[in-house]
Amino acid sequence: MRWRKGHRSANVEDRRFESGGRRMRLPIPRTRRGGAQMGCGGILLLLVLSMVFKQDFFSLLDAGGGGGGISTPAPREQTAPAPGGVDPEADHVSFVGDVLDRNQDLWHQLLAGKYRDTKLVLFRDAYPSACGMGQAASGPFYCPADEKVYLDLSFYDELSRRFGAPGDFAQAYVLAHEVGHHVQTVLGISRQVRQAQAQNPRQKNQLSVAMELQADCLAGVWARTADEMQLLEPGDVEEGLRAAASVGDDRIQQMSGRGYVNPESFTHGSAQQRAEWFKQGYTTGDPDACDTFG
Ligand SMILES: [Zn+2]
């Protein structure tokens with residue numbers, strides 16, 4: 001992916017060096033297999049990376065028990081660089097800010113007069129959001145209550161440290177998916193879905209799946225624009241389509257070692273559904289084509 005090195009986004013809130021809870025050692029909710037409870041962004045990212053790099057990134061979740069997996073990031077003393085000093089993550093901050101701004105430029109165009117910016121909060125280890133404590137281990141997530149996307153760069157640091165630099169397109173894709181959740185909030189879709197879920201608990205899961213698939217489709221709409229702006233490099237789109245195909249609850253269940261696939265418990269959609277909806281967004285470039293609720 002091509003991006004503007006040195007770009008600074010006005011919508012990035014850099015909280016990496018604040019004490020707002022980052023050294024608090026809070027209990028991290030565990031899944032049955034002992035990994036951290038991940039948000040949709042975290043699962044998405046691990047699956048995309050597993051597919052792109054042909055390695056099981058989910059093994060990181062199992063590295064617990066003091067092994068220093070992603071679920072148990074080592075405490076670190078990180079202080080802000082001295083004035084004039086070098087921020088070792090400067091490029092990374094610049095990259096995510098650039099992807100964020102490119103996404104929001106698009107949504108301002110497509111939803112003229114309606115769209116309002118989301119903020120991207122960068123934190124380290126743990127940070128309080130209106131949706132609860134953000135955890136490095138949960139990966140990126142969107143909080144509808146404060147309309148912000150939360151991202152801990154140490155999540156990526158850990159992946160880079162163990163596996164070399166993770167794919168930039170995979171990161172952009174996950175960020176675009178989280179911005180897609182913000183678009184759903186702006187359009188009132190999230191609110192309608194929450195109401196429908198409250199009225200009809202039996203459809204709760206099905207509606208959650210539709211929300212996730214729509215965010216994939218909206219990420220596809222952005223990928224189309226990025227392609228038209230020649231920001232993508234050869235292979236990125238194919239990588240995105242393959243990635244979407246590999247990111248489904250059926251795969252998640254298989255990879256998480258349960259050994260069986262139970263569609264009733266899907267909250268993200270199957271791999272095939274995800275690929276189809278990403279492709280739908282990418283080929284049409286039209287958010288109106290992203291009606292996953294129909
Ligand atoms: Zn999601």
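None of the values given here were measured: they were computed from a predicted structure. Sequence order as written defines the numbering, with residues in each chain counted from 1. At least 70 in pLDDT is required for a residue's local features to be given in this predicted model, at least 80 for side-chain atom pairs to be given and counted, and no such filter applies to totals for whole chains, interfaces and linings, which use all residues. Excluding hydrogens and water, the side-chain values take into account all heavy atoms of the structure.

A. Layout of helix α2 (residues 90–110). Note on conventions: DSSP H or I runs of at least 4 residues are helices, E runs of at least 2 residues are strands, and numbering of each starts at the N terminus. Here a helix's expected span is defined as the number of its residues, less one, multiplied by 1.5 Å. The end-to-end C-alpha separation of α2 is 30 Å, in line with the 30 Å expected for 21 residues at 1.5 Å each. The cut-offs for exposure are 20% and 50% of the maximum accessible area for each residue type, with area from a 1.4 Å probe on protein chains only; residues under the lower value are buried, those over the upper are exposed, and the others partly exposed. Counted residue by residue, α2 has 15 buried out of 21 residues, so it is predominantly covered.

B. Layout of the state of the cysteines. Put simply, a disulfide is two cysteine sulfurs that come within 2.5 Å. All told, the structure shown has 2 disulfides when counted by the stated rule. Sulfur-sulfur distance for the disulfide between C217 and C290 comes to 2.0 Å. The disulfide joining C217 to C290 has a torsion of about -75° about its S-S bond and is therefore left-handed. Here the residue C217 occupies a position in helix α6 (residues 204–228), and C290 occupies one in the segment after α9 (271–284), the gap between them amounting to 73 residues. Since its relative accessible area comes to 1%, C290 is described here as buried. Described in terms of the sequence order of its bonded cysteines, the disulfide pattern of the protein is 1-2, 3-4.

C. Region of the structure containing the pattern of salt bridges. Any Lys or Arg side-chain nitrogen located within 4 Å of an Asp or Glu carboxyl oxygen qualifies as a salt bridge. In total, this model carries 11 salt bridges according to the counting rule given. A salt bridge links E13 to K148; the nearest nitrogen and oxygen atoms lie 3.4 Å apart. Highlighted residues: E13 in strand β1 (residues 12–14) and K148 in strand β6 (residues 148–152), separated in sequence by 135 residues. E89 serves as the salt-bridge partner of R124, at 2.4 Å between the closest nitrogen and oxygen. Within this pair, whereas R124 is found in the loop between β2 (119–123) and β3 (126–129), its partner E89 is found in the loop between α1 (40–53) and α2, the two being separated by 35 residues in sequence. Accessibility expressed as a relative area gives 7% for E89, which makes it buried. Several salt bridges share partner residues, and in doing so they unite D14, R16, D87, E89 and R124 into one network.

D. Expanded view of the nonpolar core. Within the largest apolar cluster, 43 residues are counted, with the highest numbers of intra-cluster contacts made by M1, W107, L120, L122 and W222. For the purposes of this section, nonpolar cores are sets of buried Ala, Val, Leu, Ile, Met, Phe, Trp, Tyr and Cys residues that join through side-chain atoms within 4.5 Å. Within the second largest apolar cluster, 6 residues are counted, among which are F123, Y127, F141 and C143.

E. Region of interest: the sheet that holds β2. DSSP bridges decide pairing: two strands pair if at least two such bridges lie between them. Sheet architecture is open: 4 strands sit in the order β1-β2-β6-β5, paired in mixed fashion. Because the sheet does not close on itself, it has two edges, and the strands there are β1 and β5 (141–143). Averaged over all pairs of adjacent strands, the angle between strand axes in this sheet comes to 25°, irrespective of strand direction. The pairing of β2 with β6 spans 5 bridges and is parallel. The partner of F123 across the bridge, within β6, is D152. Residue contacts follow a heavy-atom distance rule, with two residues in contact if any of their heavy atoms lie within 4.5 Å. Between N-to-C directions, angles cover 0 to 180 degrees, with each direction set by a line fitted to C-alpha atoms, over the stretch in contact for helices. With respect to the sheet, α2 is in contact with β1, β2 and β6, its orientation differing from that of β2 by roughly 160°. Packed onto the sheet, helix α4 (residues 168–186) meets β2, β5 and β6 and runs at close to 20° relative to β5.

F. Here's a closer look at the packing of helix α5 (residues 189–199) against α6. Interaxial distance between α5 and α6 falls to 9 Å at its minimum, and their mutual angle equals 165°. Judged by the inter-axis angle, α5 sits roughly antiparallel to α6. Classified by chirality, the crossing of α6 by α5 is right-handed. Across the interface between the two elements, I189, S190, V193, A196 and Q197 from α5 touch K204, L207, S208, M211 and Q214 from α6. In the scheme used here, Gly and all other residues not listed as nonpolar or charged are polar, with Ala, Val, Leu, Ile, Met, Phe, Trp, Tyr, Cys and Pro taken as nonpolar and Asp, Glu, Lys and Arg as charged. For the contact of α5 with α6, the per-class residue count stands at 5 nonpolar, 4 polar and 1 charged. Roughly parallel means an angle under 35 degrees; roughly antiparallel means over 145; roughly perpendicular covers 65 to 115; every other angle is labelled oblique. The crossing is said to be left-handed when, going from far helix to near helix, the turn is anticlockwise and less than a right angle, and right-handed when the turn is clockwise.

G. View of the pairing of β6. For β6, the buried fraction is high: 4 of the 5 residues fall into the buried class. Summarising the sheet, β5 and β6 pair through 3 bridges and their orientation is antiparallel. Each residue of the ladder has a partner; that of C143, found in β6, is K148.

H. Seen up close, unusual backbone geometry. Residues other than glycine seldom take positive phi values, yet E147 does so here, at roughly 55°. Secondary-structure assignment places E147 in the loop between β5 and β6. The backbone of Q230 sits at a positive phi, close to 60°, despite the residue not being glycine. Along the polypeptide, Q230 turns up in the loop between α6 and α7 (236–246).

I. Representation of the packing of aromatic side chains in the model. Working definition: a ring pair exists when centres of Phe, Tyr or Trp rings (six-membered ring for Trp) sit within 6.5 Å. Plane angles under 30 degrees give stacked, over 60 give edge-to-face, the rest tilted. Summed over the entire model, instances satisfying the criterion amount to 5 aromatic pairs. An aromatic cluster of three or more residues is present, and its members are F123, Y127, F141 and Y150.

J. Representation of the side chain of N103 within the structure. With respect to the helices and strands, N103 occurs in helix α2. A residue is classified by how much of its surface remains accessible, and N103, at 0% relative accessible area, is buried. Once you skip the residues sitting within four places of it in the chain, N103 turns out to touch A176, V179 and W222.

Remember, this is a structural readout, not a statement about activity or role.
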